[in-house]
Amino acid sequence: MFFDYYGRDIFVLPHSGADTENFYNTGLLYMNSDKIWSENLFGGVYSKLIGITLKSIGDCKLFIQYINIVLAIFTIFIFIKILKNLNINSRLRNILILILCYFPNNMIISSLILRESWIIFLLTIGIYFYIIYIYNKKQINLFLSAIFIILSSLFHSGMILVLVAILIGELINSKGRYIIADILLFFFMLIILYKFRDVIFSKFITQKEIILSRDDYIEEAGSRYLSSIYINNISEVIKFGWLKAIYFIASPTILYWRGLTDIVSFFLDSLLYIIITVKVIFKKGELPSKINTIYKTFILALIFTVFVFGIGTSTAGTAIRHRNKLLIIFLILLAIIENYKVNIGIIEERRNSMDKSESNSIPNLLKYIKRNIPIILILTILFGGVGYIITKYVITPTYSSNTTMMVGIANQNNENNQEDNMNFNQIQANKALISTYSEIVKSKGIADKVINNLKLNMDYSEFSKKVSIEPVKDTQIISVKVVDTIPERSCDIANETATIFKDTIGDIMKVDNVQILDGATLPNSPSSPNIFKNTIISLILGLILGLVIAIFKEIKDTSVNSQEQVMEYFDIPVIGVIPDKKQG
């Protein structure tokens, strides 16, 4: 995370580039304007989530990356619980945890401003509740599984295919025992999908538009593969879908290696997915009944997702990121294959004896938290205090001033046009020129005049960081916003910039009517930092860290410290207790 932020001049991490910048910049747009929330801009739900976060904390790129890392850490803990519920032996469990923690692309992606961390986190929770459901058959767990998978599909619609596989598997495996409840749940999920269809399936709509315009596809994507294969109809899906799916699993493949980077990516990423796929295809032997249900359901989920992702993916970089979304499912299949090679009868017996205790996983989690309340409280209070002190006494307060202007565009040949067409053209021209106005306001020519007129002790680079322009949606109004550590200076810069822009724009563009609607006024209080919000965020971060430490401490603690724990863990009576001499 820190290297991506501070070391980009040395080396740009894989996957850090246009998408990460676009996600964050779109989040900034949502932060700065409440007028565009109804529009579906780049990044969809994830960019809006960034915007909500930035509204609370201000422009802080590192914090967005930090949230993704925290989600990745929680994903690891949930994955550990999944492996325990599947009764995976400790040696194999540790190996799988190490793979998840130190898988190179997973480490990199989880530290960048990408939506994968949210997708994997929510999907993993959904998988966890599904596995719990398989053992206790409580419909609430299947319902929770569906809810979390739907939430993950809000970030990328392809994840809804995992839920489709789960519901199909459940309808097949229920054998009439829960058919009414399953049908009701199925229709409830359909209602949810219909209600949020525009958000969930927006990615598929976008993909369709991309397919229709393949001739204009960006040729600079050097990691493209199978560029001669276009899939535009069902017959092409049948003919080429399987091939695209294979390349999706294996990219960057040997045939398309461009250099050392692709070779390293193949051996450190693609090879794992190839090995697991081969193991799944050539798996032998039987599995315990419940494990077999889980295994078949996740195979079906992978068939759906790999096939669809494969059809819609044409570059190795995109394939790597999409595969990363499915890493948890791949690792679970690997765990089942390797763990259940032998001793199936013994494992089945042990699993049945653990059903009762595992179904009460939420109460166990509450016990973990209760036993570690002092640690959680100390970290929460410590982080809150540090956040308050830094915000109050360390961070320099800034003040913002705004000037609004009405910009009109000169009308030519109005008498030759219909009024409706004229108005439409004006609106379209206004929208197209907003970015132009933004660059003009922040241009070096205007900046130099403002700096000279106000005798400011700053250069153009510093000036451009203080000044921004914000359009008001569907109007000809633009707002010049200036943020500075001195309130008087922020007010003066905003007013002077608007004045010079008004005097200069007529010579640069055909604008016949620029009016300053509202001049900037002297701000009475700082616009940033917000002491209350920063303190609350610090308290939450301390609370999260305390919970993570508490859960990790309990997971790592394999000792038995009381007779109650003996009865809880082994379900056997205690026939005697050896007294502790130190306690008399």
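Being a predicted model, the structure only gives us computed values, none of them experimental.

Analysis parameters
- Residues numbered from 1 in each chain as written.
- Predicted model: local features only at pLDDT ≥ 70, side-chain atom pairs only at ≥ 80, totals over all residues.
- Heavy atoms only, no water.
- Helix = DSSP H or I, 4+ residues; strand = E, 2+ residues; numbered from the N terminus.
- Contact = heavy atoms within 4.5 Å.
- Areas by Shrake-Rupley, 256 points an atom, 1.4 Å probe, with all protein chains shown as cover.
- Polar contact = N/O pair within 3.5 Å; in protein donor to acceptor, adjacent residues only side chain to side chain.
- Buried < 20%, exposed > 50% of the residue type's maximum accessible area, 1.4 Å probe, protein only.
- Axes fitted to C-alpha atoms, helices over the stretch in contact; angles between N-to-C directions.
- Parallel < 35°, antiparallel > 145°, perpendicular 65-115°, else oblique.
- Left-handed = near helix turned anticlockwise from the far one by under 90°.
- Arc of directions from axis to C-beta.
- Expected span 1.5 Å × (residues − 1).
- Phe/Tyr/Trp six-rings, centres within 6.5 Å; stacked < 30°, edge-to-face > 60°.
- Salt bridge = Lys/Arg side-chain N within 4 Å of Asp/Glu carboxyl O.
- Nonpolar A, V, L, I, M, F, W, Y, C, P; charged D, E, K, R; others polar.
- pLDDT = per-residue confidence, 0-100.

## Here's the deal with the overall build of the protein chain
Here comes step 1: A tally of helices and strands in the protein chain yields 26 helices and four strands.
Here comes step 2: When contacts within the protein chain are restricted to residue pairs at least 6 apart in sequence, long-range pairs at least 24 apart make up 74% of them.
Here comes step 3: Accessible surface, the protein chain: about 31,000 Å² in total, of which carbon and sulfur atoms supply 62%.

## Examining the environment of Asn453
Here comes step 1: As for its placement among the helices and strands, Asn453 is situated in helix α22 (residues 444-454).
Here comes step 2: Each C-alpha atom, one on Asn453 and one on Ile493, is 9.8 Å from the other, the two residues being 40 residues apart in sequence.
Here comes step 3: In contact with Asn453, not counting residues within four places along its chain, are Glu496 and Ile500.
Here comes step 4: A polar contact is formed between the side chain of Asn453 and the side chain of Glu496, at a distance of 2.9 Å.

## Notes on unusual backbone geometry
Here comes step 1: Here the residue pair Ser251 and Pro252 is connected by a cis peptide bond, since its omega of 0 degrees sits within 30 degrees of zero.
Here comes step 2: In the Ramachandran plot, Lys455 falls in the positive-phi region, its phi being about 55 degrees despite a non-glycine side chain.
Here comes step 3: Mapped onto the secondary structure, Lys455 falls in the loop between α22 and α23 (460-466).
Here comes step 4: Under the relative-accessibility criterion, Lys455 is labelled exposed at 72%.

## Topic: the packing of helix α4 (residues 61-85) against helix α17 (residues 327-339)
Here comes step 1: At a minimum axis separation of 11 Å, α4 and α17 run at an interaxial angle of 25 degrees. Taken together, α4 and α17 sit at an angle that is classed as roughly parallel. Considering only the axes of α4 and α17, their crossing is right-handed. Listed contacts from α17 to Thr75, Phe79, Ile82 and Leu83 of α4 are Ile328, Leu331, Ile332 and Ala335.

## A look at α22
Here comes step 1: Those residues of α22 that sit buried are Ile446, Ala447, Val450 and Ile451. On an axial view of α22, the arc spanned by its buried residues comes to 135 degrees, and they lie on one face.
Here comes step 2: Lys455, located one to two residues past α22, shows a positive phi value of around 55 degrees.

## Digging into α4
Here comes step 1: Taking 1.5 Å of rise per residue, 25 residues should cover 36 Å, and α4 covers 37 Å from first to last C-alpha, within 8% of that figure.
Here comes step 2: Most of α4 sits inside the fold, with 19 of its 25 residues counted as buried.
Here comes step 3: Directly after α4, the chain includes Asn87, whose backbone phi takes a positive value near 60 degrees.

## A few points about the packing of aromatic side chains
Here comes step 1: As enumerated under the stated definition, the model contains twelve aromatic pairs in all.
Here comes step 2: Look at Tyr128 and Phe129: their rings are 5.5 Å apart centre to centre, the planes differ by 70 degrees, and that puts the pair in the edge-to-face class.
Here comes step 3: In this structure Tyr128 comes out as buried when scored by relative accessible area, which is 9%.
Here comes step 4: Classification of Phe129 by relative accessible area gives buried; the value is 13%.

## Focus on the pattern of salt bridges
Close approach of charged atoms allows side chains with opposite charge to pair.
Here comes step 1: Considering all chains together, one arrives at ten salt bridges under this definition.
Here comes step 2: Taking the shortest distance from any N to any O, the salt bridge between Lys444 and Asp448 comes out at 3.0 Å. With Lys444 and Asp448 both in helix α22 and four residues apart, the pair spans about one turn of that helix.
Here comes step 3: The network of salt bridges with common partners includes Asp19, Glu116, Arg321 and Lys325.

## Quick word on the packing of helix α7 (residues 116-136) against helix α16 (residues 316-325)
Here comes step 1: It is the contact of α7 with α16, at a shortest axis distance of 9 Å, that shows an interaxial angle of 25 degrees. As summarised for this structure, α7 and α16 are arranged roughly parallel, according to the angle between their axes. Touching Glu116, Ile119, Ile120 and Leu123 of α7 are Arg321, Asn324 and Lys325, all from α16.
Here comes step 2: Across the contact of α7 with α16, the residue classes break down as three nonpolar, one polar and three charged.

## Digging into the environment of Ile64
Here comes step 1: Of note, Ile64 is situated in helix α4.
Here comes step 2: Among the residues examined, Ile64 registers a relative accessible area of 4% and is labelled buried.
Here comes step 3: Between the C-alpha atoms of Ile64 and Leu112, which are 48 residues apart in sequence, the distance is 8.4 Å.
Here comes step 4: Each residue touching Ile64, except ones within four places of it in the same chain, is listed here: Tyr24, Tyr46, Ile50, Thr53, Leu54 and Ile113.

## Observations regarding the confidence of the model for the protein chain
Here comes step 1: Within the protein chain, residue pLDDT values average 77, and 75% of them lie at 70 or more.
Here comes step 2: Confidence drops under a pLDDT of 50 for residues 198-221, and excluding neighbours within four residues, the segment shows 33 contacts in the predicted structure.
Here comes step 3: Taken together, the stretch residues 343-360 has pLDDT below 50 and engages in 24 contacts with residues farther than four places along the chain or on a different chain.

## Some thoughts on the side chain of Ser490
Here comes step 1: Mapped onto the secondary structure, Ser490 falls in helix α24 (residues 487-508).
Here comes step 2: When its relative accessible area of 0% is taken as the criterion, Ser490 is described as buried.
Here comes step 3: In this structure the side chain of Ser490 is engaged in a polar contact, spanning 2.8 Å, whose partner is the backbone oxygen of Pro487.
Here comes step 4: Leaving out residues up to four positions away in the same chain, Ser490 has contacts with Tyr399, Ser400, Ser401, Val482, Asp484 and Pro523.

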